[in-house]
Amino acid sequence: MRTEGFLSKVKSAGLAALIMAALSFPIVAYHADMDLTRGLFLESRWPLVAILVGGTFILRLLSEFVFAWMRGRPAAATRKTKQGISPRAFHLIGFAGIGALIAFPLAAVFMLGPAGSLKWIDNYGIQILIYVMLGWGLNIVVGLAGLLDLGYVAFYAVGAYAYALLATDLGWSFWLCLPICGAIAALFGLALGFPVLRLRGDYLAIVTLAFGEITRIVAVNWTALTNGDAGISLLPKITFFGIPFSKGAEGFASHFRLPFFPIERTIFLYYLILALALLTNFLTLRLRRLPLGRVWEALREDEIACRSLGIDTVAAKLSAFAIGALIAGIAGAFFAVRQGFVSPSSFGFIESATILSIVVLGGAGSQAGNVLAAILIIGGSEFLRELDVLQEFFGYTFDPTQYRMLLVGLAMVAMMNWRPRGLVATRRPSIFLKKAKPVAVELIAEGRG
Amino acid sequence: MEIFLQQLINGLTLGAIYGLIAIGYTMVFGVIGMVNFAHGDVFMLSSFIALIIFLLLTQILGLASIPLALVIVLVAAMALTGLWNFMIERLAYRRLRASFRLAPLISSIGMSIFLSNFVALAQGPRNKAVPSMLDEVFKLTEGHGYDVTLSLKQILIIAVTASLLFGLWYVVEKTPLGRAQRACEQDQTMAALLGVNVDRTVSATFVIGAVLAAAAGVLYMLYYGVVNPNDGFIAGVKAFTAAVLGGIGSLPGAVLGGLLIGLVETFWAAYFSSDYKDVAAFGVLAVTLIFLPRGLLGRADVEKV
């Protein structure tokens, strides 16, 4: 009996290994390389296939044993339904997190010095916070209103280009441009939202994807306005409300009698995006309490019921699109001033997919989950860049950053299969009778509409 | 007039390729109501599989006959791509059928990102130029300063597409598998109650879609002579547009939509601007979904509460 069970496990693992071998046969086993005359020749990589097949066999065998062992244990269903973290603890964690974020650049400078900390504040801090803000913006559209938007990056691009054009052609200051860029992006949100009002679910997703791509193609080809693929460069740098971060007597450092370090600008940018992101968060939390926010959540759960109750779904959808776009536009203006140049290559579909994956992995509708997912995805891909020590093992053609999107894609698939509600998967009801109780994921049933 | 005729030929050839991919979208949507976002990348993957098998046959195994090599390539690419899509459905989509509506779509977006990056990693992100072959060109009209031509590849594409479509029609209309598919399309629960193996039918649907996409991948590689890991996205969106334009869920609609999209794209590029040819396809997609969500040959989508 036992040996039979063992045999069947080996058989199943063997089948998995066989399938792996067939899947990897042409595409992994041979690499079509180009020689100097642009002719193709093949280069075999059988050891790699052997590793994949062997790995599949061992993993499958192990998982068979783990499953058998789990089946032997008392059924998991008898365990108590997990309770979410209490609202109080949640608040405490939130405030601790904000405190840590405020202290982060100062601590980094203190520990690593002005030169050593630049990478941490810029590549990790600012980069992650931009995506946190974008994730929170998209969360209003996807997480609250339940409208899957695959072209969110279009509004980000509109904000960035709006700042680039206003600043270079009209010479307007960043502080004046910031709200204007947000407003322009919000108008775009309304304009793109209007035609798609009747669509739902997947069709909406595909049309927004089309709009996102059209925006990018227009940015590439309308060279008179956008300078095409080359983009717009030499944008004016950020100022401390009018005081430039320069070395001279007029600069920020001498104005406040501080020693001059180039990193001061970066730290200011960090606090700026932190403030913008927190403002977004605050806005979202307040909006959820307004009738509008409740309409969004109702819309997400069941659109037909909403219409039957006489709720104005048109206004709800348009406002979700416009507010989401407003946030993306402001983030885009920030991106442009931080980067100093904009070009269409920053606004491809892959950006939309990255932002969407942050929202999805974070658990649509969860503010804290977004932060966690942004740190994992953006911080993780920055971290992959640091792994070039691995080149010593895998040779110089090995580039860890190439694995970034591969892993993001896999994570999206795994997340949908394993925890479709995201990392932080409890929902606190925004309206309740006596006491707010966190709702466990298992109890949430979403209207299939 | 000559230019018009030439563009008509080019557009129909391109449209045949889009039509083959579009069938994969429309069948999957029909049977499980899911937009399989990764389908375009499955198509791209098949073009790479085809290229490598072709090189393997001609360079390493020393097969001299190009037509024989191409037949083997077509069959092998279809089989391997079918296996790929079978596994993709098993691992990435099957468990999500009972989940909330957008879960399979998001999972397939993840799969699409995975596939294009996987191929870019395994084969390098740059364009690969396929060795030129079957370059015969026939002149249909001569003189008038412009010769209308029909290439051997174009004839081949139309012929392969037509025979595959005939095969598909036979499978869907005349076999037990096709009957099971049509039953699942109408009512999955009822079909299951009547003894249809729903899981197996869905798997078969994915495999058929992948087999047709693989044929499109081989033809695409042959016709354009270049493959790239990023080809899947745009081709996939255009084929999806074709499926929607023809009426999603309708097989003749997918082919009709494919031909129309091919023609729109070719004529747009010829008479307006080739820079904006993708905008034309995306524009058609948006306009169709907004104003004609049922498509040309689709059925009315009645929503039950």
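A.B. asks: An account of the overall build of chain A is requested, with residue identities and associated values reported.
C.D. replies: Counting secondary structure elements, chain A contains 17 helices and four strands. The buried share of chain A, taken over its 449 residues, is 47%. Within chain A, counting contacts between residues at least 6 apart in sequence, those at least 24 apart form 70% of the total. Of the roughly 22,700 Å² that chain A leaves accessible, carbon and sulfur atoms contribute 69%.

A.B. asks: Before we move on, can you summarise helix 15 (residues 367-386) of chain A with the specific residues and values?
C.D. replies: All names here are of chain A. An ideal rise of 1.5 Å per residue puts 28 Å on 20 residues; helix 15 measures up with 28 Å between its terminal C-alpha atoms. The largest bend in helix 15 comes to about 30°, at G380. Along helix 15, the residues that are buried comprise Q367, G369, N370, A373, A374, I377, I378, G379, S381, E382 and L384. Tucked inside the fold, the buried residues of helix 15 contact helix 4 (118-144), helix 10 (263-289), helix 14 (349-362) and helix 17 (403-418).

A.B. asks: I'd like to hear about the environment of A:F95, residue by residue, with values.
C.D. replies: Along the chain, the position of A:F95 falls in helix 3 (residues 87-116). The spatial distance from the C-alpha of A:F95 to the C-alpha of A:R286 is 17 Å, given a sequence separation of 191 residues.

A.B. asks: Describe the domain arrangement of chain A, and please don't skip the residues or the numbers.
C.D. replies: Split into domains, chain A comes out as domain 1 (9-72) and domain 2 (89-303 + 313-347). Between the C-alpha centres of domain 1 of chain A and domain 2 of chain A the distance comes to 42 Å.

A.B. asks: So what about helix 6 (residues 174-193) of chain A? Which residues, and what values?
C.D. replies: Structurally, the α-helix is built with 3.6 residues per turn, so residues lying three or four positions apart point the same way. The end-to-end C-alpha distance of helix 6 of chain A is 27 Å, a good match for the 28 Å that 20 residues give at a rise of 1.5 Å each. Packing partners of the buried residues in helix 6 of chain A comprise helix 5 (153-170), helix 10 and helix 13 (313-339) of chain A.

A.B. asks: I'd like a description of the pattern of salt bridges, backed by residues and values.
C.D. replies: What the rule picks out here adds up to twelve salt bridges over all chains. A salt bridge links B:R97 to B:D199; the shortest N-O distance between them is 3.1 Å. Taken together, the residues B:R97 in the loop between helix 3 (66-93) and helix 4 (103-123) and B:D199 in helix 8 (residues 198-224) connect sequence positions 102 residues apart. When its relative accessible area of 22% is taken as the criterion, B:R97 is described as partly exposed. Between B:K238 and B:E265 there is a salt bridge; the shortest N-O distance is 3.3 Å. Taken together, the positions of B:K238 in helix 9 (residues 231-246) and B:E265 in helix 10 (residues 251-271) put the pair 27 residues apart, joining distant regions of the chain. Across the pair, B:E265 and B:K238 agree in class, each one buried. Taken together, the shared-partner salt bridges connect A:R288, A:E297, A:R300 and A:E301 into one network.

Rules used throughout
- Residues numbered from 1 in each chain as written.
- Chains lettered and ligands numbered in written order.
- Predicted model: local features only at pLDDT ≥ 70, side-chain atom pairs only at ≥ 80, totals over all residues.
- Heavy atoms only, no water.
- Helix = DSSP H or I, 4+ residues; strand = E, 2+ residues; numbered from the N terminus.
- Buried < 20%, exposed > 50% of the residue type's maximum accessible area, 1.4 Å probe, protein only.
- Contact = heavy atoms within 4.5 Å.
- Areas by Shrake-Rupley, 256 points an atom, 1.4 Å probe, with all protein chains shown as cover.
- Expected span 1.5 Å × (residues − 1).
- Bend = angle between axes of the 7 residues up to and from the residue.
- Domains from an automatic or database assignment.
- Salt bridge = Lys/Arg side-chain N within 4 Å of Asp/Glu carboxyl O.

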